[in-house]
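The lines below spell out each chain.
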Amino acid sequence: MTGFSFRRLAAMLRKEWLQMRRDPMTIRLTLILPMIQLFLFGFAINANPRHLPTALVSADHSVYERTLVSALVNTRYFDIRPYPSAATADEALRRGDVLFVLEIPPDFSRLVDRGEKPRILMDADGSDPVAIGSATAALGALNAAVLNRDLPPNLRSAPPPAPPFQIVLHARYNPEQITALNIVPGLIAIILTISTLVLTSVAITRERETGTLENLLAMPVRPSEVALGKIIPYVGLGYAQTVLVLALAVVVFGVPVRGSVLLLMLSLGLFIACNLAMGLTFSTIAQTQMQAQQMAQFAFLPSMMLSGFLYPFAGMPGWARAIGEVLPITHALRIARGILLKGNGLAQIWPDLWPMAAFALVAGAIAVRLYRETLD
Amino acid sequence: MSASSPAIDVHDLMKSFRKRKVIDGLTLRVETGEVCGFLGGNGSGKTTTIRMLCGLLRPDGGGGTCLGLDLLTEAPAIRRQVGYMTQQFSFYGDLTVRENLEFVARLYELADRRAAIAAVLERMGLADRAGQLTGELSGGWKQRMALAACVLHRPKLLLLDEPTAGVDARARRQFWDLIHELATDGLTVLVSTHYMDEAERCGRVIYLAGGRLVVQGTAGEVVAAAHLVTFEATGPGIERAVRALRAAPGVETAAVFGQALRIAGLDRAALAAAIARLDDGRLTWQEVPPRLDDVFIHMLNAQEPAE
């Protein structure tokens, strides 16, 4: 048996290149779609939304009310809109016009003046916990002494006694908690999954479906040369996408690059290898492009949902995290975020590097085992 | 390999797919330089046999040689010297004729790529269409392009799997002219077909049924070996007569060809009786020599009674 031939591989690559050139639409799509996704996800998804519409039903227009409202507005989480009655505000909450309803009782200022510590009811639309999460947290942190300045001297508390300890919360790496900084590095991994996993599994299955694979197998080209010839163009495409998305992420979204770009590219190379091994495995099983497409989707959905791309990894139950830990994208995400946002080096990303390497080895072994030289 | 040794010499080949026997003890011998027609109904195992001969499928049992090389252990070496044309057109429609041929030439690592492509384009009459996208060619030209790709590396054996299916009569004839030209140069050709006119152009035909070789020989030998009796009638009312005859005992096939009604069967007396029963004097009957297609339909019926 003749061994691996770089000349035959070059012939495969040349053929793929010609075919790609004849199909500029696919190339354009693979470069434009990631950009659209970047803008879509980067600008649209916000896990820390501010300026949430809030209905104010006030039966007591007083100085206390005004101070309280302006304190709420100052948190930037609430946009206050006055409503005439509790019923109309309730209806607005139901319809989703507002996410909060703040009710100030008629005797609010009187009770405050008498030092009776009246209660104010804040209704929140709990159907989307993510939307109201940060706002409710801000509500709790509203300074207890917000009304101090307006109170009659006898009720004004002296500067509150210093608590025995103080917690200083410091959101590092992303102090403003801008969601885009979390989403955009993750998007690199998602886009790479699409181009390498989905496109490779379909590209190889296409040769089978159109019958050209039978022809190739009857010629002296080795299966490994066929597979590499199909894979390498998509690696190139994947890297082109990565560079494009990364450049846009930095320029448009101000994503910092605190770590080494080279280290990021090399780690993503390992991630690409994982996807290609998986794509190759799918393509050996699938008989039609449609089947390959479905298998790739099957792997892609958990990649979106369980990897920590859209939802916090820490919030998932144990079994879901176990699945997530197996997926290479989970680790690629952490590495991309780590290197870009935290400036992580090899030592910090190692815990996520080796699981990807293990995945690539196992999936590669399965692909090689399933990859047949004959039509049997 | 001496010139007299057979190009294909395999025995007792077995192949099953999901426990269904597709090839069931096939023994096959094709002499060097022969144009051999490979016939048989759909699902008789023609494609499977061809795939085993070029190493795309591994036989479950049996063995033999192809071009003097062992079928089981030397498949890659066999592939280098065999040109296999698949049943379904399997080149790249989004590449031009020349680009497809260049791709094939590179895979075979041909030393004189340019010259070889120019020669094959000339020979197949494809020179004018070299720059055309293969997907835009008509069926006949596609088949020529595929044949060109199969002979580019100067194989010693051509395996053609229904190369002319769905191609018009003129293109089919031209295609066969090319096959004969290639055979003149010493190439061995095994070609499967469903067309009887093509079978008649083969030096020898091999008939396959149920994964076994049923009969082989020249077209004349195959016809003679079947001992089939055929009668032909002309005259008014043949359309009506054909129905009655189909149901008659001893009549295996009855069909109308243009102005003539043709019946065939093994038993001359039974056929004569059927004719006598039907005859109203308006039809003129005469016994005619059986044709190859009568024989094949007879053999198809014998293998698997018509649905």
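Note that this is a predicted model, so its numbers are computed, not measured.

The rules behind each value
- Residues numbered from 1 in each chain as written.
- Chains lettered and ligands numbered in written order.
- Predicted model: local features only at pLDDT ≥ 70, side-chain atom pairs only at ≥ 80, totals over all residues.
- Helix = DSSP H or I, 4+ residues; strand = E, 2+ residues; numbered from the N terminus.
- Rg over C-alpha atoms; globule rule 2.2 N^0.38 Å.
- Buried ≥ 20, exposed ≤ 12 C-beta atoms within 10 Å, placed from the backbone.
- Contact = placed C-beta atoms within 7 Å.
- Nonpolar A, V, L, I, M, F, W, Y, C, P; charged D, E, K, R; others polar.
- Domains from an automatic or database assignment.
- Pairing = 2+ DSSP bridges.
- Axes fitted to C-alpha atoms, helices over the stretch in contact; angles between N-to-C directions.
- Parallel < 35°, antiparallel > 145°, perpendicular 65-115°, else oblique.
- Left-handed = near helix turned anticlockwise from the far one by under 90°.
- Core = buried A, V, L, I, M, F, W, Y, C linked by C-beta atoms within 7 Å.
- pLDDT = per-residue confidence, 0-100.
- Expected span 1.5 Å × (residues − 1).
- Bend = angle between axes of the 7 residues up to and from the residue.

Asks: Account for the overall build of chain A, with residues named and values stated.
Replies: Across its full length, chain A holds 14 helices and 4 strands. The C-alpha radius of gyration of chain A comes to 29 Å, more than 25% above the 21 Å expected for a compact globule of 376 residues. Projected onto the principal axes, the alpha-carbon positions of chain A cover approximately 100 × 45 × 40 Å. Scored against the burial criterion, the 376 residues of chain A give a buried share of 35%. Long-range pairs, those at least 24 residues apart, make up 79% of the contacts in chain A between residues at least 6 apart in sequence.

Asks: I'd love a proper account of the environment of B:D197, names of residues and values included.
Replies: Residues and elements named next belong to chain B. Of note, D197 is situated in helix α7 (residues 196-200). You can call D197 partly exposed: it has 13 C-beta atoms within 10 Å. Along the sequence, D197 and E34 sit 163 residues apart, while their C-alpha atoms lie 17 Å from each other.

Asks: Break down the interface of chain A and chain B for me, with residues and values.
Replies: In many analyses, interface size is given as the accessible surface area lost on bringing the parts together. Each partner contributes to the interface: chain A provides 23 residues, whereas chain B provides 23 residues. Every element with two or more residues in the side of chain A that touches chain B is listed here: α1 (6-22) and α8 (212-218) of chain A. Among the residues making up the side of chain A that touches chain B, the classes are represented as 9 nonpolar, 7 polar and 7 charged.

Asks: Go over the domain arrangement of chain B, please, and point to the residues and values.
Replies: Partitioning chain B into domains gives domain 1 (8-223) and domain 2 (229-289). For domain 1 of chain B and domain 2 of chain B, the distance between their C-alpha centres works out to 39 Å.

Asks: Go over the domain arrangement of chain A with me, naming the residues and quoting the values.
Replies: Considered domain by domain, chain A is made up of domain 1 (6-45 + 177-370) and domain 2 (52-150). Taking only C-alpha atoms into account, the centre of domain 1 of chain A sits 47 Å from that of domain 2 of chain A.

Asks: Give a detailed account of the sheet that holds strand β3 (residues 100-104) of chain A, specifying residues and quantitative values.
Replies: Residue and element names in this part refer to chain A. Strand order in the open sheet formed by 4 strands is β2-β1-β3-β4, with mixed pairing between adjacent strands. This sheet does not close on itself; its edge strands, each paired only once, are β2 (78-82) and β4 (121-124). Looking at each pair of strands side by side, their axes are set apart by 25° on average, direction ignored. For strand β1 (residues 52-58) and β3, the ladder comprises 5 bridges, and the chain directions are parallel.

Asks: Describe the packing of helix α7 (residues 179-209) of chain A against helix α10 (residues 261-285) of chain A, listing the residues and the values that go with them.
Replies: Residues and elements named next belong to chain A. Running from N to C, α7 and α10 point in directions that differ by 30°, and their axes come no closer than 8 Å. The pairing of α7 with α10 is recorded here as roughly parallel in orientation. As α7 runs across α10, the sense of the crossing is right-handed. On α10, the residues touching A189, L192, T193, T196, L197, T200, S201, I204 and T205 of α7 are L268, F271, I272, N275, L276, M278, G279, L280, F282 and S283.

Asks: Can you explain unusual backbone geometry? Please cite residues and give values.
Replies: A negative phi angle characterises most non-glycine residues, just as the trans form characterises most peptide bonds. Phi is positive for A:H51, which is not a glycine, with a value near 55°. For A:H51, the position within the fold is in the loop between α2 (24-44) and β1. In this structure, B:E162 is a non-glycine residue whose phi angle is positive, near 45°. On the secondary structure map, B:E162 appears in the loop between β7 (157-161) and α6 (169-184).

Asks: Describe the nonpolar core, naming the residues involved and giving the relevant values.
Replies: If you look at the biggest cluster of nonpolar residues, it comprises 157 residues, and the most contacted ones within it are B:A148, B:L159 and B:V189. Here the element with the most residues in this core is α7(A); it accounts for 16 residues. In this structure B:A148 touches B:L101, B:V120, B:L121, B:M124 and B:L126, once residues within four positions along its chain are discounted. Core analysis: the second largest hydrophobic core is formed by 20 residues, A:L93, A:V98, A:F100 and A:L102 among them.

Asks: Can you explain the confidence of the model for chain B? Please cite residues and give values.
Replies: Confidence in the prediction for chain B averages 89 pLDDT; 97% of positions are at 70 or higher. Two numbers describe this predicted complex: its pTM, 0.79, and its ipTM, 0.81.

Asks: Which residues make up the pairing of β7(B), and what are the values?
Replies: All names here are of chain B. In terms of burial, β7 is largely enclosed, as 5 of its 5 residues are buried. Burial along β7 is two-sided: L157, L159 and D161 and L158 and L160, pointing in opposite directions, are all buried. Taken together, the 4 bridges between strand β6 (residues 82-85) and β7 define a ladder with parallel strand orientation. Along β7, the bridge assignment pairs G83 with L158.

Asks: Can you lay out the sheet that holds strand β11 (residues 229-234) of chain B for me, pointing to particular residues and giving the numbers?
Replies: Within a sheet, each strand pairs with its neighbour through backbone hydrogen bonds, oriented either parallel or antiparallel. Residues and elements named next belong to chain B. Taken in spatial order, the 4 strands make up an open sheet running β12-β13-β11-β14, and their pairing is antiparallel. The outermost strands of the open sheet, each flanked by one partner alone, are β12 (253-257) and β14 (284-288). Across the sheet, the mean angle separating the axes of adjacent strands is 25° when strand polarity is ignored. Helix α9 (residues 238-247) contacts β11, β12 and β13 (260-265) of the sheet and is inclined by roughly 165° relative to β12. Those strands touched by helix α10 (residues 268-278) are β11, β13 and β14, and its axis lies near 20° from that of β11.

Asks: Could you give an account of the packing of helix α5 (residues 139-151) of chain B against α6(B), with specific residues and numbers?
Replies: All names here are of chain B. Put simply, α5 and α6 touch, their axes get as near as 10 Å, and they point 15° apart. Classified by the angle between their axes, α5 and α6 sit roughly parallel to one another. Relative to α6, the crossing made by α5 is right-handed. Note on element contacts: α6 touches α5 through A171, F175, L178 and L182, opposite G140, Q143, R144, L147 and V151. For the contact of α5 with α6, the residue count by class is 6 nonpolar, 2 polar and 1 charged.

Asks: So, α7(A): which residues are in play, and what are the values?
Replies: The α-helix winds at 3.6 residues per turn, so residues separated by three or four positions along the chain end up facing the same way. Residues and elements named next belong to chain A. For α7, built from 31 residues, the straight-helix expectation of 45 Å at 1.5 Å per residue is met to within 8% by its first-to-last C-alpha distance of 43 Å. The largest bend in α7 comes to about 30°, at L199. At the exit of α7 stands G211, carrying a positive phi of roughly 85°.

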